[in-house]
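Here is what each chain is made of, one letter per residue.
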Amino acid sequence: MPSIRWTWNPKSNSGREPGRKAMACKLRVVILYGGRSGEHEVSLRSAASVWRHLDRNRFDPIPVAIDKQGRWLLHDGAMIPADAPSLPIDLSAPQVVLPPTPAMPRLMPLEGSGRSVEIDAVFPVMHGPLCEDGALQGLLELADIPYVGCGVLASAVGMDKDIAKRLARDAGIPVVPWVTVRSAEYARDPSAIARDVAEAIGYPNFVKPANMGSSVGVTKVKSPAELPAALAEAFRYDTKVLVEQAIDAREIEVAVLQSPVETEPPMTTPPGEIRPSHEFYSYEAKYLDDNGAALFIPARITESQAADARRIAAAAFTALEGEGLSRVDLFLDRRDSAVYFNEVNTLPGFTSISMYPKLFAAAGIDYPDLMSRLIDLAILRHARRKSLAREFVGAPDET
């Protein structure tokens, strides 16, 4: 198994204000969880795993929940059990806001009462729209705070399965054929959409919201009669839907971690494989059924297939302007062993059964070390961007 090198070792107090006392050398990291998306509950479980595994010798975690109404709630970490299966959302917790004040990054009480909380970095552990689609990342950029994960662009295109597939295809990465359907188009002429699907994709196929994860709203469609109900289900979550050709494939996943050295390619793990006991890897199989799927780490595939999977995962991460981390989901065709890009998850699940941390654990990087590396990458990226010129001063005088 190829080793994964990590050569950058930032100072423990990197990014802190000069006035901090030496005794307060831990980085204050906000664990941000919840969110206004259909993957809200998944986030609570992922956040609990990050909470348990974050290195308390380096970091002081601050739990902040975003409820389903979009309120930011500052929780008391001392009240959260170490073995909590999900991080709580206490609706009576103090409400805070994150103002875009780069000179003084801190959480401020909404009503002006109570104390502000100075912060050094944010670890978003959220999934779905308004969480990993660039919206939250844009807010953190305005506030000038280091944050874990991809930036605004990669987060946005990674969340949109249609755009991600277009970029991958244009970069020469194999993708399974698909048709994009918008709700207005379907409402105007559903019979025309049905004909397009039958001619371009055929049956069976998968119908899925373009901007949703965790298989929320996904349906396997076996006949034309099932298409309207599947589209209606997907349109509950998004105005844009993909109808994707179903192929006889194995589901392969590769975890990707950005190198701290700009000139080096991203790190990839040996592939893992998911074999669902359900008809496909549905939301129920992922989160509700303890026996919903078998995970094989490493995947039981040939060395050549594994090499193809890692190459395509790295290429997709690069083509989509990935930063920090991603989990790249692939299809391995049972007929000819061709590997296809399926989608990229820029903030993958971090639950106790999630593939991303499991794949890196199998590659020799345990959960606490992985969390530390992700925060280190966030701080390093922030420092690099801070070094860029913000004002145009004109060309140098050649006289």
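Residue positions within a chain follow its written sequence, with the count starting from 1. The predicted nature of this model means local features are confined to residues of pLDDT at least 70 and side-chain atom pairs, given and counted, to a pLDDT of 80 or more, with totals for whole chains, interfaces and linings taken over all residues. Computation of side-chain values: all heavy atoms of the structure, hydrogens and water removed.

Quick look at empty space enclosed by the protein
Then, number 1: Here a cavity means grid points, on a 1 Å grid over the protein atoms only, where a 1.4 Å probe fits yet cannot get out; a pocket means an open set of points with protein on both sides within 12 Å along at least five of seven lines; lining residues are those with an atom within 4 Å of a point. Grid points are joined across faces, edges and corners, and a volume is the space filled by probe spheres set on the points. Enumeration over the complete set of coordinates arrives at four cavities of 30 Å³ or more.
Then, number 2: Approximately 80 Å³ is the volume found for the largest cavity.
Then, number 3: As for the largest cavity, its lining consists of eleven residues, and the residues nearest its centre are Gly 158, Met 159, Met 212, Val 344 and Asn 345.
Then, number 4: Elements supplying a minimum of two residues to the lining of the largest cavity: helix H3 (152–159) and strand S17 (339–345).
Then, number 5: Under the DSSP-based scheme used, a helix requires at least four consecutive residues in state H or I and a strand at least two consecutive residues in state E, with every element numbered from the N terminus. Considering every element that reaches the lining of the largest cavity, the biggest residue donor is S17, with three residues.
Then, number 6: Grouping the amino acids of the lining of the largest cavity by side-chain chemistry returns three nonpolar, four polar and four charged. Residues were grouped as follows: Ala, Val, Leu, Ile, Met, Phe, Trp, Tyr, Cys and Pro as nonpolar; Asp, Glu, Lys and Arg as charged; and all remaining residues, including Gly, as polar.

Details of helix H9 (residues 303–319)
Then, number 1: What a helix should span is 1.5 Å times the count of its residues minus one. The first and last C-alpha atoms of H9 sit 24 Å apart over 17 residues, in line with the 24 Å expected at 1.5 Å per residue.
Then, number 2: Tucked into the core, H9 has its buried residues touching strand S12 (249–257), strand S13 (267–268), strand S16 (325–333) and S17.
Then, number 3: Positive phi shows up at Glu 321, right after H9, with a value of about 60°. Whether two residues are in contact is decided by their heavy atoms, any of which lying within 4.5 Å being enough.

Examining the packing of helix H1 (residues 40–53) against helix H11 (residues 367–386)
Then, number 1: All axes here are fitted lines through C-alpha atoms, helices being fitted over the stretch that makes contact, and every angle between N-to-C directions spans 0 to 180 degrees. H11 packs onto H1 with a crossing angle of 95° between their chain directions and a minimal axis gap of 9 Å. Here H1 is positioned roughly perpendicular relative to H11, judged by the angle of their axes. Note on element contacts: H11 touches H1 through Tyr 367, Pro 368 and Met 371, opposite Ser 46, Ser 49, Val 50 and His 53.
Then, number 2: Partitioned by chemical class, the residues of the contact of H1 with H11 number four nonpolar, three polar and no charged. Relative orientations are named as follows: roughly parallel for angles under 35 degrees, roughly antiparallel for angles over 145 degrees, roughly perpendicular for angles from 65 to 115 degrees, and oblique for any other angle.

Side note on the nonpolar core
Generally speaking, a soluble globular protein has its nonpolar side chains buried in company with each other.
Then, number 1: In this structure, Ile 31, Phe 123, Phe 350, Tyr 356, Met 371 and Leu 374 are the most contacted members of the largest nonpolar core, which totals 38 residues.
Then, number 2: Put simply, the parts of the chain that give this core at least two residues each are strand S1 (27–34), H1, strand S2 (59–66), strand S7 (121–125), S12, helix H10 (355–362) and H11.
Then, number 3: Among the elements that line this core, the one with the most residues is H11, at eight residues.
Then, number 4: Ignoring any residue separated from it by four or fewer positions in sequence, one finds Phe 123 in contact with Val 29, Val 30, Ile 31, Leu 32, Val 50, Val 148, Phe 350, Met 371, Leu 374 and Ile 375. To define a nonpolar core, start from buried Ala, Val, Leu, Ile, Met, Phe, Trp, Tyr and Cys residues and group those joined through side-chain atoms within 4.5 Å. Residue exposure (1.4 Å probe, protein chains only): buried if accessible area is under 20% of the type maximum, exposed if over 50%, otherwise partly exposed.

Describing the pairing of strand S9 (residues 205–209)
Then, number 1: Across the five residues that make up S9, a large majority, five, are buried.
Then, number 2: Pairing between strands is defined by DSSP: at least two bridges between them are needed. Sheet analysis places S9 next to strand S10 (residues 219–221), joined by three bridges and oriented antiparallel. When the bridges of S10 are listed, Val 207 appears paired with Thr 219.
Then, number 3: Examined bridge by bridge, S9 and strand S11 (residues 240–245) share five bridges and lie antiparallel to one another. Its bridge partner lying in S11, Val 207 is registered against Val 243.

With respect to the packing of H10 against H11
Then, number 1: In the contact formed by H10 and H11, the axes pass within 9 Å of each other and the chain directions differ by 110°. Taken together, the axis directions place H10 and H11 in an arrangement best described as roughly perpendicular. Contact with H10, carried on its side by Tyr 356, Pro 357 and Phe 360, involves Tyr 367, Leu 370 and Leu 374 of H11 and no other residues of that element.

Description of the side chain of Gln 137
Then, number 1: Along the chain, the position of Gln 137 falls in helix H2 (residues 135–143).
Then, number 2: With relative accessibility at 2%, the residue Gln 137 sits in the buried group.
Then, number 3: Two N or O atoms form a polar contact when they lie within 3.5 Å of each other; inside protein one atom must be a possible hydrogen donor and the other a possible acceptor, and for residues adjacent in sequence the pair counts only when both atoms belong to side chains. At a separation of 3.0 Å, a polar atom in the side chain of Gln 137 contacts the main-chain amide nitrogen of Gly 134.
Then, number 4: Sequence-distant contacts of Gln 137, that is, excluding residues within four places in its chain, are made with Cys 131, Glu 132, Tyr 147, Cys 150, Gly 151, Val 152, Ser 155 and Leu 347.

Some points on the pattern of salt bridges
Then, number 1: Here a salt bridge means any side-chain nitrogen of Lys or Arg lying within 4 Å of a carboxyl oxygen belonging to Asp or Glu. Here the structure, examined in full by the defined rule, presents 24 salt bridges.
Then, number 2: The partner of Glu 41 in a salt bridge is Lys 68, with the nearest N and O atoms 2.8 Å apart. With Glu 41 in helix H1 and Lys 68 in the loop between S2 and strand S3 (72–74), the pair connects residues that are 27 residues apart, well separated along the chain.
Then, number 3: Judged by relative accessible area, which is 32%, Glu 41 ranks as partly exposed.
Then, number 4: Assessed through its relative accessible area of 48%, Lys 68 is described here as partly exposed.
Then, number 5: With a closest N to O distance of 3.5 Å, Asp 308 and Arg 311 form a salt bridge. With a gap of three residues between them, Asp 308 and Arg 311 both fall in helix H9, about one helical turn apart.
Then, number 6: Given the relative accessible area of 51%, Arg 311 is considered exposed.

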